[in-house]
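Observations on the model geometry
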Amino acid sequence: MNKQRAPSQISSENKQQINTKKRSLQLNECYKPNKSKSRKIDYNLDVDIVPLFKLELQSILMNSKNLNTTITDILPYGSRILGLNIDNSDVDFSINYVSKTSVKNVMKSFAKKLRQSQIFIRVVPLFRVKIPIIKCIHKNTGIDCDISFNNMSGVYNSHFLNNILSIDPRIKPVLIKLKIWAKNIGLINTKGFSSFSIYWLGLFNMQVMGILPPIRDLQKSVPEILVDEWNYAFSKTKQEYNINKQETLSVSDIFNYFHSFYLNFNFDKFVISPYTGCPLLKKDFEDVEKLPEELWRYKQFYKENKECHELLFLNTSQSKMYIQDPFQHNVNITARVRPKVFNKFINACVKLKS
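This text gives an overview of the structure that appears in the document. The shown structure was predicted, so the numbers you read here are calculated from the model rather than taken from an experiment.

**Examining the overall build of the protein chain**
- Summing up its helical and strand segments, the protein chain has 11 helices and nine strands in all.
- Looking at the 354 residues of the protein chain, the share that counts as buried comes to 49%.
- In the protein chain, 65% of the contacts between residues at least 6 apart in sequence involve partners at least 24 apart.
- For the protein chain, the accessible area works out to roughly 18300 Å², and carbon and sulfur atoms hold 48% of it.

What follows is the structure, encoded as structure tokens:
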């Protein structure tokens, strides 16, 4: 992976021109790249602020020699780099580093540097979460920034989604329409869906419709890229995507089919599996030998970790919805969705269908 070069230094004059005013987006709006000629940056929300944030993080952290820690790269990922951001969507970074000290101490050191800079405010390190992060706010824009560490799974997921968005012009507007809908009715929050899980509800629906292939088909002819024991490789060759694309269907058709599909989906019985591109029986995850052979990585993981229930896909916490992570097959990406939010999702599908 080529390292990204930082853009030129931000001027204080430009910083004062930042526009942080929010507005509610409508369902018929979608991301439209700026096609105007090169001009002086005024930091409105249509400008790509990710390289600017990266530059500031580099200036604050890259020269830090605290705790024998060396930063190897600062990599953006998430909605901003995919063009799926709405309103003031947060900015996600993974700081890749090597260190002789604990993650917790590294995070404390970095958080201290961020506070001292006064470029980022309300700096809060979160340790007791699935993926430890530092949450902060960029002072001059008011935009939230989430900083994780050695989070290559997040980076590779964004690479994959970016490639998926390029294969059919309907995919991006469908996902943005779904995200706006989910945001407006309160589905996306810390006790509900993430943007990532909403995307995969939409993408799995398109797999079932025949617009997208299962991930397993995209891994057949390419070398592995392993993060821990999970393979994040995928083919970027267009021929791999030659399937029934349902070309007569519009963005609205796909959006409407989404609600019909999930309104009739049996969440008590089935697991959503983007890797296989089809629903899997939930009970088969209790007897993994019944799972399809292409899930051999999970079968192997299960045998090695079956005494550690919290690491397994059907762990000790009961969820109303199970969506298997597209690459890390022991993870349910909707594990945090509370029953109240799940019921709100189903009721919203009923309203849209009627």
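Back to the write-up after that little detour.
**Considering helix H10 (residues 296-305)**
- Regarding H10, the residues found buried are Arg 297, Tyr 298, Lys 299, Phe 301, Tyr 302 and Asn 305.
- Next to the buried residues of H10 lie strand S6 (226-227) and strand S7 (230-231).

**Things to note about the environment of Phe 196**
- In this fold, Phe 196 is placed in helix H7 (residues 195-209).
- Residues Phe 196 and Lys 179, spaced 17 residues apart in sequence, show a C-alpha to C-alpha distance of 9.5 Å.
- Discounting chain neighbours no more than four positions away, the residues touching Phe 196 are Asn 157, Leu 161, Asp 325, Pro 326 and Ile 333.

**Considering the packing of aromatic side chains**
- All chains considered together, the criterion is met by 29 aromatic pairs.
- Summarising the aromatic geometry, the rings of Phe 160 and Phe 327 are spaced 5.2 Å apart at their centres and angled 85° between planes, so their arrangement reads as edge-to-face. In this pair, Phe 160 sits in helix H5 (residues 152-165) while Phe 327 sits in the loop between H10 and helix H11 (339-353), placing the two residues 167 residues apart along the sequence. Across this residue pair, the class does not change: Phe 160 and Phe 327 are buried.
- Following the ring pairs from residue to residue traces out a cluster consisting of Trp 181, Phe 193, Phe 204, Tyr 257, Phe 258, Phe 261, Tyr 262, Phe 265, Phe 267, Phe 270, Phe 342 and Phe 345.
- Sitting above the plane of the Phe 127 ring, Lys 104 keeps its charged end 5.2 Å from the centroid.
- Cation over ring: Lys 177 sits above Phe 255, and NZ or CZ is 5.0 Å from the ring centre.

**Topic: the pattern of salt bridges**
- In this structure the tally under the stated criterion is nine salt bridges.
- Salt-bridge contacts for Lys 290 lead to Asp 287; the nearest nitrogen and oxygen are separated by 4.0 Å.
- Accessibility expressed as a relative area gives 36% for Asp 287, which makes it partly exposed.
- Taken together, the salt bridges that share partners define one network made up of Arg 216, Asp 217, Lys 220 and Glu 294.

**Let's talk about the environment of Ile 346**
- With respect to the helices and strands, the residue Ile 346 is situated in helix H11.
- With 83 residues separating them along the chain, Ile 346 and Leu 263 place their C-alpha atoms 6.3 Å apart.
- Those residues within four positions of Ile 346 in sequence are excluded, and the remaining contacts are Tyr 262, Leu 263 and Phe 267.

**A word on the pairing of strand S4 (residues 133-138)**
- Among the six residues in S4, five count as buried, and that is most of the element.
- With five bridges joining them, strand S3 (residues 120-126) and S4 adopt antiparallel strand pairing. Residue pairing in the sheet places Leu 126 in a bridge with Ile 133 of S4.
- Count of turn residues in the S3/S4 antiparallel hairpin: six residues.
- One ladder, built from five bridges, connects S4 with strand S5 (residues 144-149); its direction is antiparallel. Looking across to S5, one finds that Ile 133 is bridged to Ser 148.

Parameters at a glance
Residues numbered from 1 in each chain as written. Predicted model: local features only at pLDDT ≥ 70, side-chain atom pairs only at ≥ 80, totals over all residues. Heavy atoms only, no water. Helix = DSSP H or I, 4+ residues; strand = E, 2+ residues; numbered from the N terminus. Buried < 20%, exposed > 50% of the residue type's maximum accessible area, 1.4 Å probe, protein only. Contact = heavy atoms within 4.5 Å. Areas by Shrake-Rupley, 256 points an atom, 1.4 Å probe, with all protein chains shown as cover. Phe/Tyr/Trp six-rings, centres within 6.5 Å; stacked < 30°, edge-to-face > 60°. Lys NZ or Arg CZ within 6 Å of the ring centre and 35° of its normal. Salt bridge = Lys/Arg side-chain N within 4 Å of Asp/Glu carboxyl O. Pairing = 2+ DSSP bridges.

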